[in-house]
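Each chain, written out:
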Amino acid sequence: MNDANCLFCRIIRKEIPAKIAYEDENILAFHDISPQAPVHVLVIPKKHYVSLDELGEGEKNLAGELLFRIRELARSLGLAQNGYRVVNNRGPQGGQTVFHLHFHLLGGRQMTWPPG
Ligand code: AMP
Ligand code: ZN
């Protein structure tokens, strides 16, 4: 899957609509189309990486930006007080279905452990 037909790259290019929660030069956050919690936002880099595995030395700043943005979104979406969950599914056994790096930010209900 390359940038041209990657679903999330198409959302970044606004070819497919999404409910955007945050956007800057490097990062886009939008609400998941099939929410698994009252708040379920996906946080993605605008540049296409298949997964965390593709982040090299040169992407350390981006990795930090993504994590920082997740924390900021959790605050602005009202999740900071009660807590929330951040998930990255990597590869088939990790449950990844869209092969553009993304983090799930989930909150607004009690989470359970272990995950399915
Ligand atoms: P994962 O299974 O970790 O790869 O997560 C992919 C996520 O993308 C799932 O939670 C899907 O519900 C979500 N998703 C798929 N298509 C869309 C879309 N068009 N807009 C928003 N979220 C989507
Ligand atoms: Zn992509």
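Look up: the structure comes first, before these words.
Rules of the game
- Residues numbered from 1 in each chain as written.
- Chains lettered and ligands numbered in written order.
- Predicted model: local features only at pLDDT ≥ 70, side-chain atom pairs only at ≥ 80, totals over all residues.
- Heavy atoms only, no water.
- Near = heavy atom within 4 Å.
- Polar contact = N/O pair within 3.5 Å; in protein donor to acceptor, adjacent residues only side chain to side chain.
- Areas by Shrake-Rupley, 256 points an atom, 1.4 Å probe, with all protein chains shown as cover.
- Helix = DSSP H or I, 4+ residues; strand = E, 2+ residues; numbered from the N terminus.
- Donors = N, O, S within 2.8 Å, 3.2 Å for Na, K, Ca; no water.
- Tetrahedral: all angles 85-135°; square planar, octahedral: opposite > 155°, others 65-115°.
- Pairing = 2+ DSSP bridges.
- Axes fitted to C-alpha atoms, helices over the stretch in contact; angles between N-to-C directions.
- Contact = heavy atoms within 4.5 Å.

Participant: Where do I start with the site of ligand 1 in this structure?
Facilitator: Residues in close proximity to ligand 1 total 16 residues, the closest being Asp32, Asn89, Thr97, His102 and His104. Side-chain polar atom of Asp32 to an oxygen atom of ligand 1: 2.5 Å apart, as the coordinates give it. Between ligand 1 and the protein, one listed contact pairs an oxygen atom with a side-chain N or O atom of His102 at 2.9 Å. Here ligand 1 has 500 Å² of accessible area as a free molecule, and 84% of this is covered by the chains. If you list the elements that add at least two residues to the shell around ligand 1, you get helix H1 (7-12) and strand S2 (27-31). For the shell around ligand 1, the leading source of residues is H1, giving three residues.

Participant: What exactly am I supposed to notice about the coordination of the zinc ion (ligand 2) here?
Facilitator: In a perfect tetrahedron of four donors around a metal, the angles come out at 109.5 degrees. In a perfect octahedron of six, they are 90 or 180 degrees. Coordination of the zinc ion (ligand 2) by the protein is provided by Cys6 (SG), Cys9 (SG), His48 (ND1) and His100 (ND1), with metal-donor distances spanning 2.0 to 2.3 Å. Relative to the metal, the four donor atoms surrounding the zinc ion (ligand 2) lie at angles of 106 to 117°, and the coordination shape comes out tetrahedral. Between consecutive donors of the zinc ion (ligand 2), the numbers of intervening residues give the motif C-x2-C-x38-H-x51-H. A residue pair is termed long-range when its members are at least 10 positions apart, and His48 in the loop between strand S3 (39-45) and helix H2 (60-76) and His100 in the loop between helix H3 (91-94) and strand S5 (103-107) qualify at 52 residues.

Participant: Quick question: what am I supposed to make of the sheet that holds strand S1 (residues 20-23) here?
Facilitator: One key point about sheets: their strands pair by backbone hydrogen bonds, in either a parallel or an antiparallel sense. With antiparallel pairing, five strands are arranged side by side in an open sheet as S1-S2-S3-S5-S4. Of all strands in the sheet, those with a lone pairing partner are S1 and strand S4 (84-87), marking the two edges. Across the sheet, the mean angle separating the axes of adjacent strands is 15° when strand polarity is ignored. Bridging between S1 and S2 involves three bridges; their strand directions are antiparallel. Bridge pairing in S2 places Glu23 opposite Leu28. Across the face of the sheet, H2 comes into contact with S1, S2, S3, S4 and S5 while running at roughly 160° to S3.

Bear in mind that shape data such as this cannot, by itself, settle questions of function.
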